[in-house]
Amino acid sequence: MFDDHANPAAREPHRLSAFSRRGFLGGAAGLAASGLLLGGSRAARAASNQVIVSTWGGDYERFLHEFVEAPLRAKGIQVLPDIGQPPARMTKLLAEKSLKTGQMDVVHLSDTDMFQMRQDGVLARIDYAQVPRGKHIIKQFYDDYSIPHIYSAQVLIYNPQHVMPVPDAFAAMWDAKYKGRVGIQRTAWVIWLQIATIVAGGSPTNYEPGKKLLMELKKNQPRIYPSQESLADGIASADVWLTPDWKARGYLWAKRGLPVKTAVPKEGAIPVTYRAAYAKNAPDPAPSLEYLNAMLEPKAQMDFGEQMGYVPTVTDVKLPADLDSVIGFTEEQRSKFFHVDFAYVAANNNAWLQWWNEEFLA
Amino acid sequence: MVAFLVLPMLIMLRYSFNVYVPGGLMKVTLSLVNYRQFFSDPYFQHVLGTTVWVAALCTIVSLVLAFPVAYVIARADQRYKAALLILVVFPLLVGNVVRAAGWMALFGTTGALNAVLLWLHLLRAPLHVMYTTTAVIVGIIAVVTPYMIIALQSVLEGIDVKLEEAALNLGASGWSTFWRVTLPLAMPGVVAGTSLVFILCMNAYATPFLLGGPSFKMMAQAIYDQIQSSQNWPFGAALAFILMVATVILTVASQAVLSRRSKAAHSA
């Protein structure tokens, strides 16, 4: 680079063009070969009884493997997991939108993310004639483009050794006596806006009062963590006494030995369903629909409830009373659930993220 | 290279001129709105500024730390050289995320560092190191220093030790020998190492995300936020190109400065 004398191309220019011709031919051959392989693998996927499931890792994937996929494997359906975080899954779906055949079949996302993917036109409409368990889906969770797998709601998670009396409202997190003891997950901007909106008296289509109230929360010096796991570390070390999270998460943390209990806020909890759909460009819908149906089977639903703390989304599965009291919601609590307007969230998410980064976290 | 590098970058460049549509990905058009947004928003300029100064600081510190290590390896007996190089490369076998998790265990309020310092009564209260800029800088330097060592070591090995001995024999001090003989001859390694490390630092993601505080953000995180968290591909693409152009300009400029100094030292 600094000495042309050392550069073979400078000394023998004709060799440069010869290399370029060889290089071009080699590159073109490589491209053609990889194209053949890719086309071959797509054709092979369409022909085989295989379903690629894009999902979270950890316990969720492990329980899918044990409770949902075992009967499918017995039928000869090969399930291949594609583990990753929701943003990566959504980006892949969007990036592959124009392809004739995508690289994933079934995709798992939360209700908010699934709505966005539906709006972006990457999901296939479910033929419920092929998903017989669909008729047992709880009516409020039914959708044409995705099945609800499990549900829970954002509640208060608190350390009973430090938080007294038992908090009964999200508003408790603004109490000055918890200064420096409220935990916030950095990626949970939508949830926090919803919580603040509930406390401030906003509505499902107006989170502006919530924004103002969140800026007030900064005076309470909340602790902000980059991930769920680091927030759990904060709870374990008693740096954090109070945080909102899914009731199921509180159940799992308590099972793991963290000093936590859960309390459903009187203002109304914020529900979430974790859903599954299949990509519009999945090569063969049949194994994907079998997979979706298997997720709604009674035993799989019950096992997920017992192991992960999320409530079944089908009407013919009733949790045992002791488990229901820990992870479930009463009729009254469900009637007070905050109604999430997914279209409003999708339309404003980018602006809220900007506000969260530039104003709240700054 | 064209298919797997240039073509995707051209596609991204094209996206950067589209307009984000909330809930609908993007509108295909030719607009400068994303670039205007970057240059008119002090927040993103601050993010780029943070990225540049953190990258520059980490590059300089890793050069200072790496040079003596690279020199020792370059001058080591052949019997030990391979083992030393393996020790240098060994940390690279651990992924950045796993390494960051290790730093979190070390720097946390109840981590090993605070535990030792409190036990030694050197502190009365735990140090607040996690989720600070300091933690990010230490984490990034730990990642990039092996690359700097490898870049320097290969060039230092090519410097004839007789030249240094001759300088010392002629009465030059150790520092003078280093400054006037070793360093100028090692310049190609310094240029290569600093360029590589600077580029790595400018694009750091996992370490700043896991170790930085809530308000600490570098460009890679900002790009991730736009593309993955809010599906604003046009603006994310624009940020990516601004980062790339900034990195190229600063790398080429620093290479030019260092090369000029190297040539001046050689001709002297």
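Residues numbered from 1 in each chain as written. Chains lettered and ligands numbered in written order. Predicted model: local features only at pLDDT ≥ 70, side-chain atom pairs only at ≥ 80, totals over all residues.

Participant: Describe in detail the overall build of chain B, supporting the description with residues and values.
Facilitator: Assigned secondary structure in chain B consists of 12 helices and 2 strands. Beginning at the N terminus, the succession of helices and strands in chain B can be written as α-β-β-α-α-α-α-α-α-α-α-α-α-α. Projected onto its principal axes, the C-alpha positions of chain B cover 70 × 55 × 30 Å. Within chain B, buried positions represent 33% of all 268 residues. Within chain B, counting contacts between residues at least 6 apart in sequence, those at least 24 apart form 72% of the total. (Helix = DSSP H or I, 4+ residues; strand = E, 2+ residues; numbered from the N terminus. Buried ≥ 20, exposed ≤ 12 C-beta atoms within 10 Å, placed from the backbone. Contact = placed C-beta atoms within 7 Å.)

Participant: Explain the overall build of chain A residue by residue, including any values.
Facilitator: Counting its regular elements, chain A contains 14 helices and 10 strands. Here chain A, with 362 residues, has 38% of them falling under the buried criterion. The contacts of chain A with a sequence gap of at least 6 include a subset with a gap of at least 24, amounting to 76%.

Participant: So what about helix α9 (residues 174–202) of chain B? Which residues, and what values?
Facilitator: In this model α9(B) runs just 34 Å from its N-terminal to its C-terminal C-alpha over 29 residues, more than 12% under the 42 Å that 1.5 Å per residue would give. Listing the buried residues of α9(B) in full gives B:Ala186, B:Gly189, B:Val190, B:Val191, B:Gly193, B:Thr194, B:Val197, B:Phe198, B:Cys201 and B:Met202. (Expected span 1.5 Å × (residues − 1).)

Participant: Run through the interface of chain B and chain A, naming residues and quoting values.
Facilitator: Each side of the interface is counted separately: chain B has 23 residues, and chain A has 25 residues. If you list the elements that add at least two residues to the side of chain B that touches chain A, you get α10 (206–211) and α11 (219–229) of chain B. Broken down by element, the residue count for the side of chain B that touches chain A peaks at 4 residues, all from α11(B). Partitioned by chemical class, the residues of the side of chain B that touches chain A number 10 nonpolar, 11 polar and 2 charged. (Nonpolar A, V, L, I, M, F, W, Y, C, P; charged D, E, K, R; others polar.)

Participant: Please set out unusual backbone geometry residue by residue, giving values where relevant.
Facilitator: One can expect most non-glycine residues to show negative phi and most peptide bonds to be in trans. With an omega of -5°, the peptide bond running from A:Met164 to A:Pro165 counts as cis. You can see A:Pro165 is positioned in the loop between β4 (147–158) and β5 (183–185). Not every positive phi belongs to a glycine, and A:Gln221 is a case in point at roughly 50°. Tracing the backbone shows A:Gln221 in the loop between α7 (208–217) and β6 (223–225). Its identity is not glycine, yet B:His121 carries a phi of approximately 60°, on the positive side. Positionally, B:His121 belongs in the loop between α6 (112–119) and α7 (133–156).

Participant: So, the nonpolar core: which residues are in play, and what are the values?
Facilitator: Residues and elements named next belong to chain A. If you look at the biggest cluster of nonpolar residues, it comprises 87 residues, and the most contacted ones within it are Leu-242, Leu-292 and Met-295. For this core, the element with the highest residue contribution is β4, accounting for 8 residues. Each of domain 2 (46–150 + 273–330) and domain 3 (152–271 + 339–360) contributes no fewer than three residues to this core. Contact partners of Met-295, with chain neighbours within four places excluded, come to Val-68, Ile-147, His-149, Ala-276 and Ala-300. (Core = buried A, V, L, I, M, F, W, Y, C linked by C-beta atoms within 7 Å. Domains from an automatic or database assignment.)

Participant: Mind laying out the environment of B:Leu200, listing which residues take part and the relevant values?
Facilitator: Residue and element names in this part refer to chain B. As for its placement among the helices and strands, Leu-200 is situated in helix α9. Sequence separation between Leu-200 and Thr-247 is 47 residues; the distance between their C-alpha atoms is 9.8 Å. Every residue in contact with Leu-200, bar those within four places of it in the chain, is listed here: Val-144 and Tyr-147.

Participant: Please provide a residue-by-residue account of the confidence of the model for chain A, values included.
Facilitator: All names here are of chain A. Confidence in the prediction of chain A, expressed as mean pLDDT, is 87, and 87% of residues score 70 or more. Mean pLDDT across the elements of chain A ranges from a minimum in helix α1 (residues 8–11), with 36, to a maximum in strand β7 (residues 242–246), with 97. The low-confidence segment residues 1–19, where pLDDT is below 50, has 4 contacts with residues more than four positions distant or belonging to other chains. Note on residues 26–40: pLDDT is under 50 here. Beyond four places in sequence and across chains, it has 1 contact. (pLDDT = per-residue confidence, 0-100.)

Participant: Explain the pairing of strand β9 (residues 270–278) of chain A to me, using residue names and the numbers behind them.
Facilitator: All names here are of chain A. By the criterion of burial, β9 is predominantly enclosed, with 8 of the 9 residues buried. Strand direction decides the pairing type here: strand β3 (residues 106–110) and β9, joined by 5 bridges, are antiparallel. Across the sheet, the residue bridging to His-108 is Ala-276, located in β9. (Pairing = 2+ DSSP bridges.)

Participant: So what about the packing of helix α3 (residues 58–74) of chain A against helix α11 (residues 298–308) of chain A? Which residues, and what values?
Facilitator: All names here are of chain A. Look at α3 against α11: their axes get within 10 Å of each other, and the N-to-C directions meet at 145°. α11 is crossed by α3, and the crossing has right-handed handedness. Contacts between α3 and α11 involve Asp-59, Phe-63, Phe-67 and Val-68 from the first element and Ala-300, Asp-303, Phe-304, Gln-307 and Met-308 from the second. In terms of residue class, the contact of α3 with α11 is made up of 6 nonpolar, 1 polar and 2 charged. (Axes fitted to C-alpha atoms, helices over the stretch in contact; angles between N-to-C directions. Left-handed = near helix turned anticlockwise from the far one by under 90°.)

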